[in-house]
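Structural overview
So you can see what is in the structure, the chains are spelled out below.
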Amino acid sequence: MLGASGTFTLRFAGANTASLDILSPTLDTDIQNALNGLSSIGGVGASVTVTRGASPFTNLFTITFGGSLAYSNVPAIQSFPAPGVLAVMNTVRDGPEGT
């Protein structure tokens, strides 16, 4: 996440989070709670864990799926940043193959 201030939302499998503030000191927890509250994650017996990167990469977040979506090839999480915010999503490990 990059930007002087602003918000973004996330979408997973057609379900959207509420707006998230990039300046929140608990942004990792905010992202985790928002994603786990989605019908497409928590509603299907799944969960995510969000880990913030260590300094100087504190704007980097790793999202790991658990529960019914663990070790599955899941759709990508999409980001929808407000103007002035950069939110880039990349897949690190794709399903059980680990590609």
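The rules we used
Residues numbered from 1 in each chain as written. Predicted model: local features only at pLDDT ≥ 70, side-chain atom pairs only at ≥ 80, totals over all residues. Heavy atoms only, no water. 1 Å grid on protein atoms, 1.4 Å probe; cavity = no way out; pocket = protein on both sides within 12 Å on 5 of 7 lines; lining within 4 Å. Points joined across faces, edges and corners; volume = space filled by probe spheres on them. Helix = DSSP H or I, 4+ residues; strand = E, 2+ residues; numbered from the N terminus. Nonpolar A, V, L, I, M, F, W, Y, C, P; charged D, E, K, R; others polar. Polar contact = N/O pair within 3.5 Å; in protein donor to acceptor, adjacent residues only side chain to side chain. Contact = heavy atoms within 4.5 Å. Phe/Tyr/Trp six-rings, centres within 6.5 Å; stacked < 30°, edge-to-face > 60°. Buried < 20%, exposed > 50% of the residue type's maximum accessible area, 1.4 Å probe, protein only.

1. A short note on the layout of surface pockets
Gaps left between atoms are located by rolling a probe of water-molecule size over the structure's atoms. Each pocket or cavity is described by its volume, and for the largest pocket that value is around 920 Å³. Lining the largest pocket are 30 residues, and of these T62, I63, N90, T91 and V92 lie nearest its centre. Broken down by element, the lining of the largest pocket gets its largest block of residues, five residues, from strand β5 (residues 61–67). A per-class count over the lining of the largest pocket returns 20 nonpolar, eight polar and two charged.

2. Quick look at the side chain of S79
Relative to the assigned elements, S79 resides in strand β6 (residues 78–81). From its side chain, S79 meets the backbone oxygen of A87 in a polar contact 2.6 Å long. Beyond its immediate chain neighbours, meaning those up to four positions away, S79 contacts T9, L10, A87, V88 and M89.

3. Here's the deal with the packing of aromatic side chains
Across all of its chains, the model carries one aromatic pair by this definition. Each ring, one from F12 and one from F65, has its centre 5.2 Å from the other, and the planes form 40°; the classification is tilted. Taken as a pair, F12 in strand β1 (residues 7–12) and F65 in strand β5 lie far apart in primary sequence, 53 residues in all. Relative accessible area serves as the criterion here: at 2%, F12 is assigned to the buried category. Judged by relative accessible area, which is 18%, F65 ranks as buried.

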